Amino acid sequence: MDFQTLCVHGRDKKYDLTGSITVPIFQTATFAHPGVGLSTGYDYSRSQNPTREYLEQVMADLEGGAEALAFSSGMAAVAVLMELFSPGEHLIVSDDLYGGTHRLFNHISAKNGLSFSRINTPEQIKSALRPESRAIFIETPTNPLLRAIDIEAVAGIAAGSGLLLIVDNTFLTPYWQKPLALGADIVLHSGTKYLGGHNDTLAGFLVMKDPGLAEKLRFISKTTGSGLAPFDSFLIVRGLKTLAVRLDRQEENALKIADWLSGRAELTQVNYPGLKSHPDYDLSRRQAGGFGAMISFSVRDETLARQILEQVKIIRYAESLGGVESLITYPMLQTHADLPEAERLERGIDGRLLRLSVGLESAEDLIGDLSRAFAGGSRS
Ligand SMILES: *Cc1c(COP(=O)(O)O)cnc(C)c1O
């Protein structure tokens, strides 16, 4: 089945006892047994719930994995994933991961005895390898500078050293990028972003290529209890139905906006992988077949950056991304506030850098909004 058809229909209609076109919200904590020693296949919603199960099947199919697990947030998915490792073990992680992921590694996993080496190019992985290394964890494209990492190249190193490769695919989704097909073992998502797509619920996913690994993680998940609730599962199922059309239009908007931004004298840099001037234009095209709808840009000075944040009207100044509503973020004060200042500046995340998640409004209205904000038009 084609990707778009899978988004709308899924493959498995096991829930369908009534002809319901949409998956029912099985709002129940527990399930009655037909007899002693018998089960309907469901016991207790922490272990599994039919609405969540349907969503997990759709996500496994979209990423091309054996199984998927749905969690109450992206961070809940990372926390469960870290339970796979034991004290004394070591992970090689990219420098540019989502800030919350670094916070979890530094403040929780480190306390539990895991150690981490941070790298920023595939070439550095080899020198970070240790006998106790178990996994490589990357995110591509990176946030907020949108640099691409060559997944196949990293997968080659991981396979050669017997390490798991984990890829956070939140920014591109399986519509554009399928890390499992490029050699990754586990795909991670914040479903809060494009998969849900409406800025109305949190969710997270792990998608595994290997059924044995999936079974281990399912055991951890049902034991620790951060599975996605039935109503939230329903919202993500509904979001997924329009994933492909949303992303096509959001990307089209992003390209128009990136082009417009590139011509502005007030800007010193525009980062969008779909611009031919972007250093990873070719890699993004080859690896993902698309460029996504995230743009970051640096303006002339910090005063102008703050003016834009305060004066946009259609675009909202808020953390998060991937929804139908366009959002603008100040990485220095929001997503990357926890980074030590020297490191933040070294990575180019300063007071002049803004990040824009392009939504589904008309591109002309979004450009008009930015244009007014650049010019310092009033909020009225
Ligand atoms: C938002 C995000 C996360 C964390 O997900 P939550 O749903 O907010 O817990 C992880 N990785 C990336 C790339 C994200 O953008």
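Residues numbered from 1 in each chain as written. Predicted model: local features only at pLDDT ≥ 70, side-chain atom pairs only at ≥ 80, totals over all residues. Heavy atoms only, no water.

Draft legend 1. Representation of the nonpolar core within the structure. Counting residues in each nonpolar core, the largest one holds 83 residues, and the members touching the most others are Leu-165, Ile-295 and Phe-297. Look past the residues within four positions of Leu-165 in its chain and what remains in contact with it is Ile-136, Ile-138, Ile-151, Val-154, Ala-155, Ala-158, Gly-183, Ala-184, Asp-185 and Ile-186. Counting residues in hydrophobic clusters, the runner-up holds 28 residues, among them Ala-77, Leu-84, Leu-91 and Ile-220. (Core = buried A, V, L, I, M, F, W, Y, C linked by side-chain atoms within 4.5 Å. Buried < 20%, exposed > 50% of the residue type's maximum accessible area, 1.4 Å probe, protein only. Contact = heavy atoms within 4.5 Å.)

Draft legend 2. Quick peek at the packing of aromatic side chains. Inspection of every chain in the model, using the stated rule, returns 8 aromatic pairs. With 5.5 Å between their ring centres and 45° between their planes, Phe-3 and Tyr-175 make a pair best called tilted. Of this pair, Phe-3 sits in helix H1 (residues 3-9) while Tyr-175 sits in helix H7 (residues 173-176), and the two are 172 residues apart along the sequence. Both rings, one in Tyr-175 and one in Trp-176, keep their centres 5.5 Å apart while their planes meet at 50°; by these two values the pair is tilted. The class for Trp-176 is buried, based on a relative accessible area of 7%. Grouped by ring-pair contacts, the aromatic residues Phe-3, Tyr-175 and Trp-176 constitute a single cluster. A cation sits over an aromatic face here: Arg-264 above Phe-374, 5.1 Å from the ring centre. (Phe/Tyr/Trp six-rings, centres within 6.5 Å; stacked < 30°, edge-to-face > 60°. Helix = DSSP H or I, 4+ residues; strand = E, 2+ residues; numbered from the N terminus. Lys NZ or Arg CZ within 6 Å of the ring centre and 35° of its normal.)

Draft legend 3. View of the sheet that holds strand E5 (residues 164-168). Strand order across the open sheet formed by 7 strands is E1-E7-E6-E5-E4-E2-E3, with mixed pairing between neighbours. Each end of this open sheet is capped by a strand with a single partner; those strands are strand E1 (67-71) and strand E3 (115-119). Averaged over all pairs of adjacent strands, the angle between strand axes in this sheet comes to 20°, irrespective of strand direction. Summarising the sheet, strand E2 (residues 90-94) and strand E4 (residues 133-139) pair through 4 bridges and their orientation is parallel. (Pairing = 2+ DSSP bridges. Axes fitted to C-alpha atoms, helices over the stretch in contact; angles between N-to-C directions.)

Draft legend 4. Focus on helix H11 (residues 281-288). When we look at burial in H11, the residues that qualify are Tyr-281, Leu-283, Ser-284, Gln-287 and Ala-288. On an axial view of H11, the arc spanned by its buried residues comes to 165°, and they lie on one face. Exposed residues pointing more than 90 degrees away from the buried face of H11 are listed as Asp-282 and Arg-286. Packing partners of the buried residues in H11 comprise helix H6 (151-160) and H7. Positioned one or two residues after H11, Gly-289 has a phi angle of 65°, which is positive. (Arc of directions from axis to C-beta.)

Draft legend 5. Spotlight on the site of the ligand. Taken together, the neighbourhood of the ligand is formed by 13 residues, with Met-75, Asp-168, Ser-190, Thr-192 and Lys-193 sitting nearest. A distance of 2.9 Å separates an oxygen atom of the ligand from a polar atom in the backbone of Met-75. Take Asp-168: an N or O atom from its side chain is 2.7 Å from a nitrogen atom of the ligand. Protein burial of the ligand: of its 380 Å² of free accessible surface, 93% is covered by the chains. Tallied by class, residues from the shell around the ligand come to 5 nonpolar, 5 polar and 3 charged. (Near = heavy atom within 4 Å. Polar contact = N/O pair within 3.5 Å; in protein donor to acceptor, adjacent residues only side chain to side chain. Areas by Shrake-Rupley, 256 points an atom, 1.4 Å probe, with all protein chains shown as cover. Nonpolar A, V, L, I, M, F, W, Y, C, P; charged D, E, K, R; others polar.)

Draft legend 6. Highlighting the pairing of E1. Here E1 lies mainly inside the structure; 4 of its 5 residues are buried. Taken together, the 5 bridges between E1 and strand E7 (residues 204-208) define a ladder with antiparallel strand orientation. Residue pairing in the sheet places Ala-68 in a bridge with Val-207 of E7.

Draft legend 7. Up close: the pairing of strand E12 (residues 353-357). Taken across its 5 residues, E12 has 5 buried, putting it largely inside the fold. Along E12, one buried face is formed by Leu-353, Arg-355 and Ser-357 and the opposite face, lined by Leu-354 and Leu-356, is buried too. Where strand E9 (residues 294-299) lies against E12, 5 bridges are found, and the strand directions are antiparallel. Residue Phe-297 lies in a different strand from E12, and its bridge partner there is Leu-354. For strand E11 (residues 327-329) and E12, the ladder comprises 3 bridges, and the chain directions are antiparallel. Looking at the pairing, Thr-329 lines up with Arg-355 of E12.

Draft legend 8. Structural view of helix H14 (residues 363-375). Given a rise of 1.5 Å per residue, 13 residues ought to cover 18 Å, and the 18 Å separating the end C-alpha atoms of H14 matches this to within 8%. Turning to H14, the residues buried within the fold contact helix H10 (243-262), strand E8 (267-271), E9, helix H12 (302-311) and E12. Immediately downstream of H14, the backbone of Gly-376 shows phi near 80°, a positive value. (Expected span 1.5 Å × (residues − 1).)

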